[in-house]
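The chain contents come next:
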Amino acid sequence: MCGIVGYVGERRAAPILLDGLQRLEYRGYDSAGIAVMRGGQITVVRRKGRVKGLSEARSLEGKIGIGHTRWATHGAPSERNAHPHVCGKICIVHNGIIENAAALRTACEARGELFASDTDSEVIAHLIAAEKGDLLHAVRAACERMVGSYAVAVLSQEEPETIVCTRRASPLVVGCDGDGLYVASDIPAIAAKGRKVYVLEDGEFSVLRQGRPPRFYSGALLPVEKTEIDYDAAEDVPAKGGFRHFMKKEIAEVPEAVSRSLPDLRKGEYSALYEVLCQTKYLHIVACGTAYHSGLCMNYVTHRFARLPAEAYVASEYRYMDPIVPADTLLVAVSQSGETADTLAAAALAKERGAKVLAVTNVPYSSLERLSDFVLPTYAGREIAVAATKSFNAQLAVLYAVAGAVAAGRGLSAPPLAPLLPAVREALAMAEQVRSWVPYFVGAKSVFFLGRGADYFAALEGSLKLKEISYLPSEGYPAGELKHGTLALVDGRTPVVAIVTDPVLADKTMNAVHEVYARGAAVFLITNVPECLSCAEVTASVLLPKCEPAYSPMITSLPLQMLAYYVAIARGNDPDKPRNLAKSVTVE
Ligand code: F6R
């Protein structure tokens, strides 16, 4: 949530900040701003809306500055609530939430200090401005009073060649090359060939001073030696590659994401993990949103083939439910970004209670990766569109493999995963057909996605995708549950998407099709059971290739992603940047 970038060095700061913010926009895009310092004077330019609204700031002179792109938590998206925030000689940008901001603000106001925004962040500038001593000590003293999560970068007119930055429970990285020093909330904002990048740990500080290497300090301000991370700058340059939107490009990349992500868990590097999987007695899966849906899919597969009592939890619920974590529990934390605050907290809690933590994440060096005992990367490549697509399929590849290893450890076996690869490729080609369904959905009152077994999880994901980018109300529903109340909502303005991939359950789901058709709904079918196609009540259908029913969300997700994409476009929305959302949800 929100993106931070900062620069001090030999070049003009403004273009570097704006380019960095552009690369960070997937983190939030309701307002943006930069502050550039020159001759001890700070100029702040902020705008409601996207980073491109700051283009006039590109000409600002000055070789030091900080910038921010915002996803509003406290205070509406507006120019006055956009960062950077200034108090006296101090200027800050902040990601995260200061939970005691109200109390701190009241104390500042009691001293006669005036606030210019409704944000929790502004109080940080006030706290720092009230401290004595150099900027580093002032920032540290302010941090001691703050409760919550933060990544902060700070400028001071008193130290016109210095940026001080720090973090707690919100990521921050520092970079340097011959031209200068950089700070950002994400590696891609400052990634470049030949540039060294360092990851700040919780509670650490960094001082970036023109002409010197970056300095790192512990919470007690003792010097810390850091090793640069090994990242692939080439991979970090996102491009649409001829596609109109990143989302479409990323759906097209699903087959590659899946084949790259399928791990061979018996291989050397994963052998320790394989041992743990074989001995696991309890499996907890925590995640949010789309990653939660992939967790549900894994849960299903684990039940089916490993006969293990697994449980998938929404991470934000898990962390507050006082979970029972028996000995030999493996907690699988699934997160594309590796920075989702709720998932991190749930994983940390389980770890505290004795569980081993396995991270399944798409982002190397992410916070989740660093807190986990084991990591299984998804190799989906960077996902820029806010709606998760290829990362979902890549997660399934990894999670199905994990379930297979758990089954093997219990003397059982799961069906092979290799046949999924050609099926995914074929499904992608078929998925385009849903484009012709769009007229039925554009003006719909609401949409239902129905399925049973694994198809139900695909229905949940199809519905989330549609809601997220088309803004149409919709629900993913177990097909057998419809008659217990929900049918009341179905009429001629509620198209229904039925997903049918398990021949054993096909008739049951088709019963639901008859029920909704009888209430006037137009029915659209995603299936690989050819017998279902003969149903005269179906308006249109996509016939997908055969695959193991328990693994079918891997292929049914493709037409579902595509449907959401085309409906969003037809409704005039930007599918890459849906309203009110952000790619990485680093606040609770
Ligand atoms: C949906 C979507 C979100 C994320 C959720 C978890 O398309 O993108 O629901 O799946 O915020 O994010 P990660 O996987 O980064 O933890």
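Before reading further, recall that the structure is shown in the block above.
As a starting point, this report considers the structure included with it. This one's a predicted model, so the numbers in the text were calculated from it and none came from an experiment. (Residues numbered from 1 in each chain as written. Predicted model: local features only at pLDDT ≥ 70, side-chain atom pairs only at ≥ 80, totals over all residues. Heavy atoms only, no water.)

**Some remarks on the overall build of the protein**
Quick reminder of the rule: We count a stretch as a helix when DSSP gives it H or I for four or more residues in a row; a strand needs E for two or more, and each element gets its number in order from the N terminus. Taken over C-alpha atoms, the radius of gyration is set against a globule rule of 2.2 Å times the number of residues to the power 0.38. Any residue under 20% of the maximum accessible area for its type is buried, any over 50% is exposed, and the rest in between are partly exposed; the area is computed with a 1.4 Å probe on protein chains only. All accessible areas in this document rest on Shrake-Rupley with a 1.4 Å probe, and a residue is counted as covered only by the protein chains that are shown. Note that His is not counted, nor are the chain ends; the positive residues are Lys and Arg, and the negative ones are Asp and Glu. Working definition for charges: the position is that of NZ of Lys, CZ of Arg, CG of Asp or CD of Glu.
Of the regular secondary structure elements, the protein holds 18 helices and 23 strands. Here the C-alpha atoms of the protein give a radius of gyration of 25 Å, agreeing with the 25 Å that 2.2 N^0.38 yields for 588 residues. Along the first, second and third principal axes, the C-alpha set of the protein runs to 75 × 50 × 45 Å. A buried classification covers 61% of the 588 residues belonging to the protein. Total accessible area on the protein stands at roughly 21800 Å², and carbon and sulfur atoms take up 52% of it. Distance from the positive charge centre (62 side chains) to the negative charge centre (64 side chains) of the protein: 3 Å.

**Focus on the pattern of salt bridges**
Going by this rule: In the sections that follow, a salt bridge refers to a side-chain nitrogen of Lys or Arg positioned within 4 Å of a carboxyl oxygen of Asp or Glu.
Taken as a whole and judged by the stated rule, the model has 26 salt bridges. Between Glu158 and Lys89 there is a salt bridge; the shortest N-O distance is 3.1 Å. Pair noted here: Glu158 is in the loop between strand S7 (148-156) and strand S8 (162-168) and Lys89 is in the loop between strand S5 (85-87) and strand S6 (90-98), with a separation of 69 residues, a long-range link. Ionic pairing is found between Arg319 and Asp342, a salt bridge with its closest N-O pair at 2.7 Å. Highlighted residues: Arg319 in the loop between helix H10 (315-318) and strand S16 (329-335) and Asp342 in helix H11 (residues 341-352), separated in sequence by 23 residues. Three or more residues joined by partner-sharing salt bridges are found here, namely Arg47, Glu56 and Glu79.

**A look at H11**
One turn of the α-helix equals 3.6 residues, which is why residues spaced by three or four share an orientation. What counts, and what does not: By this rule the span expected of a helix is its residue count minus one, scaled by 1.5 Å.
An ideal rise of 1.5 Å per residue puts 16 Å on twelve residues; H11 measures up with 16 Å between its terminal C-alpha atoms. At the exit of H11 stands Gly354, carrying a positive phi of roughly 105 degrees.

**A few points about the sheet that holds strand S22 (residues 523-527)**
Formally: Two strands pair if DSSP finds at least two bridges between them. Geometry is summarised by axes, namely lines fitted to C-alpha atoms with helices restricted to the contacting stretch, and by angles between N-to-C directions that run from 0 to 180 degrees. Whether two residues are in contact is decided by their heavy atoms, any of which lying within 4.5 Å being enough.
Spatial ordering of the open sheet is given by S20-S19-S21-S22-S23, a layout of five strands whose pairing is parallel. Looking along the sheet, the strands with just one partner apiece sit at the ends: strand S20 (474-478) and strand S23 (538-543). On average, adjacent strands in this sheet sit at an angle of 20 degrees to one another, irrespective of strand direction. Sheet topology note: the strand S19 (residues 447-451)/S20 ladder contains five bridges and is parallel. When the bridges of S20 are listed, Leu450 appears paired with Tyr477. Helix H16 (residues 454-470) rests against S19, S20 and strand S21 (496-500) of the sheet, and its axis sits at about 175 degrees to S20.

**Observations regarding the nonpolar core**
We apply this condition: By convention a nonpolar core is built from buried Ala, Val, Leu, Ile, Met, Phe, Trp, Tyr and Cys residues, the set being connected through side-chain atoms within 4.5 Å. Domain segmentation is taken from an automatic or database assignment of domains.
Leu265, Val332, Leu358, Leu376, Tyr400, Val402 and Val497 are the most contacted members of the largest nonpolar core, which has 92 residues in total. Looking at which element gives the most residues to this core, the answer is helix H13 (residues 390-409), with twelve residues. Among the domains, domain 2 (240-418) and domain 3 (425-574) are the pair contributing at least three residues each to this core. If near-sequence neighbours (up to four positions away) are discounted, Leu358 is found in contact with Leu273, Leu330, Leu331, Val332, Ala333, Ser372, Phe374, Val375, Leu376 and Val402. In this structure, Ala14, Tyr26, Val173 and Ala184 belong to the second largest nonpolar core, which totals 29 residues.

**Notes on the sheet that holds strand S12 (residues 205-209)**
Spatially, S5-S6-S7-S8-S12-S13 is the arrangement adopted by the six strands of the open sheet, whose pairing is antiparallel. Looking at the sheet topology across the chains shown, the edges are occupied by S5 and strand S13 (215-217). Within the sheet, the average angular offset between the axes of one strand and its neighbour, ignoring direction, is 20 degrees. Bridge count for S7 against S8 is six bridges, and the pairing is antiparallel. Pairing of Leu155 across the sheet is with Ile163, part of S8. The sheet contacts of helix H3 (residues 122-129) involve S5, S6 and S7, and relative to S6 the element is tilted by about 130 degrees. Contacting S6, S7, S8, S12 and S13, helix H4 (residues 135-145) runs over the sheet at an angle of about 25 degrees to S8.

**Thoughts on the packing of aromatic side chains**
Here is the rule we go by: Ring pairs shown here join Phe, Tyr and Trp side chains whose ring centres sit within 6.5 Å, with only the six-membered ring taken for Trp; geometry is labelled stacked below 30 degrees between planes, edge-to-face above 60, and tilted in between.
Applying the stated rule across the entire model yields twelve aromatic pairs. Ring centres of Tyr198 and Phe216 lie 5.3 Å apart, and the angle between their planes is 50 degrees; this geometry places the pair in the tilted category. Residue Tyr198 is located in strand S11 (residues 196-199), and its partner Phe216 is located in strand S13; the two are separated by 18 residues in the primary sequence. Residue classification places Tyr198 among the buried residues on the basis of a relative accessible area of 10%. For Phe216, a relative accessible area of 6% gives the class buried. With 6.2 Å between their ring centres and 85 degrees between their planes, Phe448 and Tyr477 make a pair best called edge-to-face.

**Section: the site of the ligand**
As a reminder of what qualifies: A molecule or strand has a residue near it when one of that residue's heavy atoms lies within 4 Å. In protein, a polar contact means a hydrogen-donor-capable atom and an acceptor-capable atom, both N or O and within 3.5 Å, with residues adjacent in sequence counting only if both atoms are side-chain atoms; elsewhere, any N or O pair within 3.5 Å suffices. We place a 1 Å grid over just the protein atoms. Points where a 1.4 Å probe fits but has no way out form a cavity, open points with protein on both sides within 12 Å along at least 5 of 7 lines form a pocket, and any residue with an atom within 4 Å of a point lines it. Molecule-in-pocket calls rest on the fraction of atoms, with more than half required to lie within 2 Å of the cavity or pocket grid points. The classification used treats Ala, Val, Leu, Ile, Met, Phe, Trp, Tyr, Cys and Pro as nonpolar, Asp, Glu, Lys and Arg as charged, and all other residues, Gly among them, as polar.
In the region of the ligand, 15 residues are neighbours, and Ser335, Gln336, Ser337, Thr340 and Glu468 sit closest. At 2.6 Å from an oxygen atom of the ligand is found a side-chain nitrogen or oxygen belonging to Ser337. Here an oxygen atom of the ligand and a backbone polar atom of Val386 are 3.2 Å apart. Protein chains bury 89% of the 410 Å² of accessible surface belonging to the ligand in isolation. Assessed atom by atom at 2 Å from the grid points, the ligand resides in the second largest pocket. Residue composition of the shell around the ligand, grouped by class: seven nonpolar, six polar and two charged. When residues of the shell around the ligand are assigned to domains, at least three map to each of domain 2 (240-418) and domain 3 (425-574).

Interpretation note: all reported values are geometric properties and have no functional meaning in isolation.
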